Each structure stands twice: as C-alpha cells, then as structure tokens.
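# Secondary and tertiary structure notes
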Amino acid sequence: MNSLPGISSSRVRRSHADNQPMLVRFFAHFFSVLFHPLFIPLYVTYYLAFLHPGYFNGIGEREKMWVILRVAVNMVFFPLISVLLLKAIGFIDSIFLKTRKERIIPYIISNIFFFWMYLVFRNQSEIPLILTAFVFAVFLASSIALLANTYFKISMHAIGVGGLIGILLVILGTNTSSPVTIPFAIAVLLAGIVCTSRMIASNHTQKEVYLGLLWGIICQIISAAIVL
C-alpha cells in the first residue's frame, strides 16, 4: 500500500502495527525480547556446550559454565549496560534504539566486545573452533550492520536469528553426522516468528528484515570459511 502524501512510511507501518490485536502485539514484543540479538550468542553457546554431542567433548561441566559466563559478560552484559549508560547520560533517547542515529555508538561499543571475545577464544585451544567462528561471525555481522546503518535501519533481530540459522548450516555442512535436523527446523521456525514479530512490533520494512536475515546467514558461512 502506498503511503499518502505528507505521511511517512514509518508512520504508516506504525499505524498498521497499532491496528493489530493486543494479544498479537503482546507476543510480538515477547518474542522480540526473548530472542533479542544480544541473547543469541548465549543460546548458541549453551547449545554447543550442553546439547550438541560433539564439540565440547572432554570439557567438564564447570569449564563449560565458565565459557557461557564469559559469553554472557562480554557479549550480553557489557553491550547491554553500555546502552543503559548511554540512555542515562542522554546520548540516546530510547534503549530500543529506534533511529539509525541512536544505533551508531551502541554498534561501535558492541563490536569492541565482540571482537575481544573472538580474540580470547581464538587464543584458547580448548575452545572448539565452531564457537570461535560463530563469535567472529557475530562481530562481522555487527560491523557490516554499522556500515549499512548509514543508509537504512537493518533489523538487528533478523541478523541475530539469521546467525542462528547460519551456524546450524555450518554445522550441517562441516559435520554431516551431527544431529541438527530438529534444531535447524526449530531455528527456521523461530526466525519466521521473530521476523514477523519485528514487522509488527517495530517500524522495520520487509527489506530491512529480509536483508538482516540474509546477512546473518552469510556472515556465519564467511566466518566458517575463514576460521574453520
């Protein structure tokens, strides 16, 4: 539907979202929070450490928890607290980063922590290469998203779930004996739910969501080719 003269496309999309039933909007926001892009590395690390039967063989439960804790601190807590601090000192208007301008500094800060986590894992031989490759892909995706942010507001949520699909594709392509059929199907389902949620709960266009999803997948494949 074409927007009317004098009415921005974002306002038209917001009006469409507001017209959705309250329950639909509730679940759209719920899935947007549950699968926030900052949480995806934590979910993937937990899957590789505790659910996948092959990558963390020979590593004790305590060591696995330390790996998850490091990911949680460097890739979730520090970027999140940085956004809260930026809001507190007035650098951004909303912690939801609704505009492209508000996303610039959080992107840069997050990239620093993502790259640091990659360097740490790369220099620790006990960390499976698949996890190192995943973390590097997160850094790569976030870096390109920062550049794309100059032109349009690419969906960070879509990049996150795209990375989830991408890492499972990498596992499937590099270890054909891995039991990833069900996890991959779940990841595709979650990607559909999250991307639909972003179209309802935010003012993203389909282009911004689809490009984010595609870029999240591509970055995992590129990273695997470099690291593995």
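Residues numbered from 1 in each chain as written. Predicted model: local features only at pLDDT ≥ 70, side-chain atom pairs only at ≥ 80, totals over all residues. Heavy atoms only, no water.

### Quick look at the nonpolar core
Stated formally: Nonpolar cores are built from buried Ala, Val, Leu, Ile, Met, Phe, Trp, Tyr and Cys residues. Side-chain atoms within 4.5 Å join them into one set. The cut-offs for exposure are 20% and 50% of the maximum accessible area for each residue type, with area from a 1.4 Å probe on protein chains only; residues under the lower value are buried, those over the upper are exposed, and the others partly exposed. Helix numbers and strand numbers start at the N terminus; a helix is a DSSP run of H or I with at least 4 residues, a strand a run of E with at least 2. We call two residues in contact whenever any of their non-hydrogen atoms come within 4.5 Å of each other.
Within the largest apolar cluster, 45 residues are counted, with the highest numbers of intra-cluster contacts made by Leu48, Phe56, Phe121, Leu131, Phe134, Val135 and Ile171. Among the elements of the structure, helix H3 (40-51), helix H4 (61-88), helix H5 (100-122), helix H6 (129-148), helix H7 (156-174), helix H8 (181-201) and helix H9 (206-227) are those that each provide at least two residues to this core. In contact with Val135, not counting residues within four places along its chain, are Met75, Phe114, Met117, Tyr118 and Phe121. Ranked by size, the runner-up nonpolar core spans 9 residues in total, among them Tyr107, Leu140, Trp215 and Cys219.

### Quick word on the side chain of Ser197
Looking at the secondary structure, you find Ser197 in helix H8. Aside from chain neighbours lying at most four places away, what touches Ser197 is Phe27, Ala28, Phe31, Ser32 and Ser202.

### Some words on the side chain of Lys153
Rules: For the charge count, each Lys or Arg is scored as positive and each Asp or Glu as negative, with His and the chain ends excluded. By convention in these notes, a salt bridge is any Lys or Arg side-chain nitrogen within 4 Å of a carboxyl oxygen on Asp or Glu.
With respect to the helices, strands and loops of the structure, Lys153 is situated in the loop between H6 and H7. An unpaired buried charge is present at Lys153: no salt bridge exists, and Glu208, the closest side chain of opposite charge, is 5.9 Å distant.

### Some words on unusual backbone geometry
One non-glycine residue, Leu97, adopts positive backbone phi at about 50°. Along the chain, Leu97 turns up in the loop between H4 and H5. Taking the relative accessible area as the measure of exposure, Leu97 reaches 9% and is therefore buried.

### Details of a nonpolar patch on the surface
We apply this condition: Patches here: salt-bridge-free residues with over 30% relative accessible area, like charges joined within 9 Å, nonpolar side chains (Val, Leu, Ile, Met, Phe, Trp, Tyr) joined within 5 Å. For accessible areas, the Shrake-Rupley method is used with a probe of radius 1.4 Å. Any residue's cover is judged against the shown protein chains and nothing else.
A cluster of nonpolar residues, Leu23, Phe26, Phe27, Phe30, Leu34 and Tyr43, forms a patch on the protein surface that exposes about 580 Å² of accessible area. It is helix H2 (residues 22-34) that provides the largest number of residues to the nonpolar patch, a total of 5 residues. Position of Leu23 among the secondary structure elements: in helix H2. Leu23 gets classed as exposed once you look at its relative accessible area, which sits at 57%.

### Thoughts on the confidence of the model for the protein
Rule in force here: The predictor's confidence in any single residue is recorded as pLDDT, a number from 0 to 100.
Here the protein averages 89 in pLDDT, while 91% of its residues score no lower than 70. Below a pLDDT of 50 lies the segment residues 1-12, which in the model reaches 4 contacts outside its immediate sequence neighbourhood of four places, other chains included.

### A word on the pattern of salt bridges
Considering all chains together, one arrives at 1 salt bridge under this definition. Measuring nitrogen to oxygen at the nearest pair gives 3.8 Å for the salt bridge that ties Glu61 to Lys64. In this pair, Glu61 and Lys64 both sit in helix H4, 3 residues apart, roughly one turn of the helix. Lys64 sits in the buried class, given a relative accessible area of 11%.

### Examining the packing of aromatic side chains
Note the following rule: Any two rings among Phe, Tyr and Trp, with Trp reduced to its six-membered ring, count as a pair given centres within 6.5 Å; such a pair is stacked if its planes are under 30 degrees apart, edge-to-face if over 60, and tilted if neither.
Counted by the stated rule, this structure contains 13 aromatic pairs. Summarising the aromatic geometry, the rings of Phe31 and Phe35 are spaced 6.5 Å apart at their centres and angled 10° between planes, so their arrangement reads as stacked. A relative accessible area of 11% places Phe35 in the buried class. A ring pair is formed by Phe115 and Phe139, whose centres lie 4.9 Å apart and whose planes are at 45°; its orientation type is tilted.

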